[in-house]
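A structural walkthrough
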Amino acid sequence: MKLVFAAASAAALLAAAPAMAQDGPSVYINGGYAVVDAETTGDANFDAIALRGGVKFTQHLGIEAEGHIGVTDADVGATKIDLDSAYGVYVVGFIPASEKMTFHGRIGFGNNEFTSTTGATSTSRGYDSINYGIGGTYMLNDRFGLRGDYTRIDNSDSKIPNGDANVFSLSLTMKLR
């Protein structure tokens, strides 16, 4: 499935390339902080660095890719769980509320990698997910803004129980074009 994810990401970027060459689409990046609240049998919350980039083809439609790298681990009983990485690709719908405020909804798919350590035994697990969420961006000026997001990660691999998560993020966004 990782190969499918990589191929879909590459296809999305290739599809965006001609649009970026035209005068009209905007390109943005943002980075910030995320809290991942994983629904496990214990309390597994992770802090993560969130990075995201996207292309807004029209005022109302775009695509984006994001990645999270865990910076803290969670102790669930005698097990330490690390968020190694989480990636996603999305189709995004935008609703401008004012000149500075825009709301968005997004849906896509992702891949999430964790390492569990109990005593001297470590196990790495990954799963694919369907991701969807809502959020908003407030532009401070023509180039920089603040973005807040809620994303639901629905585990699509029934072999891994309790793989769902809620992700809350706050980031600084920058329009490149």
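In what follows, the structure referred to is the one given above.
One structure accompanies this document, and this report is about it. (Residues numbered from 1 in each chain as written. Predicted model: local features only at pLDDT ≥ 70, side-chain atom pairs only at ≥ 80, totals over all residues. Heavy atoms only, no water.)

Some points on the environment of Arg106
For clarity, the cut-off: Put simply, DSSP marks the helices as runs of H or I at least four residues long and the strands as runs of E at least two long, and each gets a number from the N terminus on. Two residues form a contact once any of their heavy atoms are found within 4.5 Å. Pairs of N or O atoms are called polar contacts if they sit within 3.5 Å, as long as, within protein, a hydrogen donor faces a hydrogen acceptor (for residues adjacent in sequence, only side-chain-to-side-chain pairs).
Locating Arg106 in the fold gives a position in strand β6 (residues 101-118). Beyond its immediate sequence surroundings of up to four residues, Arg106 is in contact with Arg52, Glu64, Glu66, Tyr90, Val91, Val92, Asn131, Tyr132, Gly133, Arg147, Asp149 and Thr151. Engagement of the side chain of Arg106 in a polar contact is seen with the side chain of Glu66, the distance being 3.1 Å. There is a polar contact of 2.7 Å between the side chain of Arg106 and the side chain of Thr151.

Section: a nonpolar patch on the surface
Going by this rule: Here, patches come from residues exposed beyond 30% relative accessible area and free of salt bridges, joined within 9 Å for like charges and within 5 Å for nonpolar side chains (Val, Leu, Ile, Met, Phe, Trp, Tyr). Areas reported here follow the Shrake-Rupley algorithm with a probe of radius 1.4 Å; residue values treat only the protein chains shown as occluding. Any carboxyl oxygen of Asp or Glu that lies within 4 Å of a side-chain nitrogen of Lys or Arg is treated as forming a salt bridge with it.
Among the surface-exposed residues, Ile49, Leu51, Ile69, Val71 and Tyr87 lie close enough to one another that they form a single nonpolar patch of about 450 Å² accessible area. Turning to its location among the elements, Ile69 is positioned in strand β3 (residues 61-70).

What about the pairing of strand β5 (residues 79-96)?
Selection rule: A pair of strands is considered paired only if DSSP assigns at least 2 bridges between the two.
When β3 meets β5, the two strands line up antiparallel, connected through eight bridges. The residue of β5 that forms the bridge with Gly67 is Tyr87. As judged from the four bridges shared by strand β4 (residues 73-76) and β5, these two strands associate in the antiparallel manner. Its bridge partner being in β5, Asp75 is matched across the sheet by Lys80. Where β4 folds back on β5, the antiparallel hairpin that results is connected by two residues, among which Gly77 adopts a positive phi of roughly 65°. Here 17 bridges tie β5 to β6, and the two strands are oriented antiparallel to one another.

A closer look at the pairing of strand β8 (residues 144-155)
Here 11 bridges tie strand β7 (residues 121-139) to β8, and the two strands are oriented antiparallel to one another. Paired with Ile134 across the bridge in β8 is Tyr150. Hairpin geometry of β7 and β8 is characterised by an intervening segment of four residues between the two adjacent antiparallel strands.

Some remarks on the side chain of Asn166
We count it as follows: Only protein chains enter the calculation, and the probe is 1.4 Å; a residue is then buried if its accessible area is under 20% of its type maximum, exposed if over 50%, and partly exposed in between.
Along the polypeptide, Asn166 turns up in strand β9 (residues 165-175). Given the relative accessible area of 13%, Asn166 is considered buried. Engagement of the side chain of Asn166 in a polar contact is seen with the side chain of Arg152, the distance being 3.1 Å. Those residues within four positions of Asn166 in sequence are excluded, and the remaining contacts are Val35, Val36, Asp37, Glu39, Tyr150, Thr151 and Arg152.

Considerations on the packing of aromatic side chains
How we decide: Each Phe, Tyr or Trp ring, with Trp reduced to its six-membered ring, pairs with another whose centre is within 6.5 Å; inter-plane angles below 30 degrees give stacked pairs, above 60 give edge-to-face pairs, and intermediate values give tilted ones.
In total, this model carries three aromatic pairs according to the counting rule given. Consider the rings of Phe46 and Phe114, whose centres lie 5.7 Å apart with planes at 45°: the pair is tilted. Taken as a pair, Phe46 in strand β2 (residues 43-56) and Phe114 in strand β6 lie far apart in primary sequence, 68 residues in all. Both residues of the pair, Phe46 and Phe114, belong to the buried class.

Quick word on the nonpolar core
Selection rule: By convention a nonpolar core is built from buried Ala, Val, Leu, Ile, Met, Phe, Trp, Tyr and Cys residues, the set being connected through side-chain atoms within 4.5 Å.
Membership of the largest hydrophobic core comes to 17 residues, with the highest contact counts inside it found for Val36, Ala44, Phe46, Leu83 and Phe114. The set of elements that each furnish at least two residues to this core consists of β1 (26-39), β2, β4, β5 and β9. Take this core: its biggest share by element is four residues, from β2. Setting aside residues no more than four positions away along its own chain, Val36 makes contact with Ala44, Asn45, Phe46, Leu83, Ala165, Asn166 and Val167.

Scope: geometric values only; no functional claims are made or implied.
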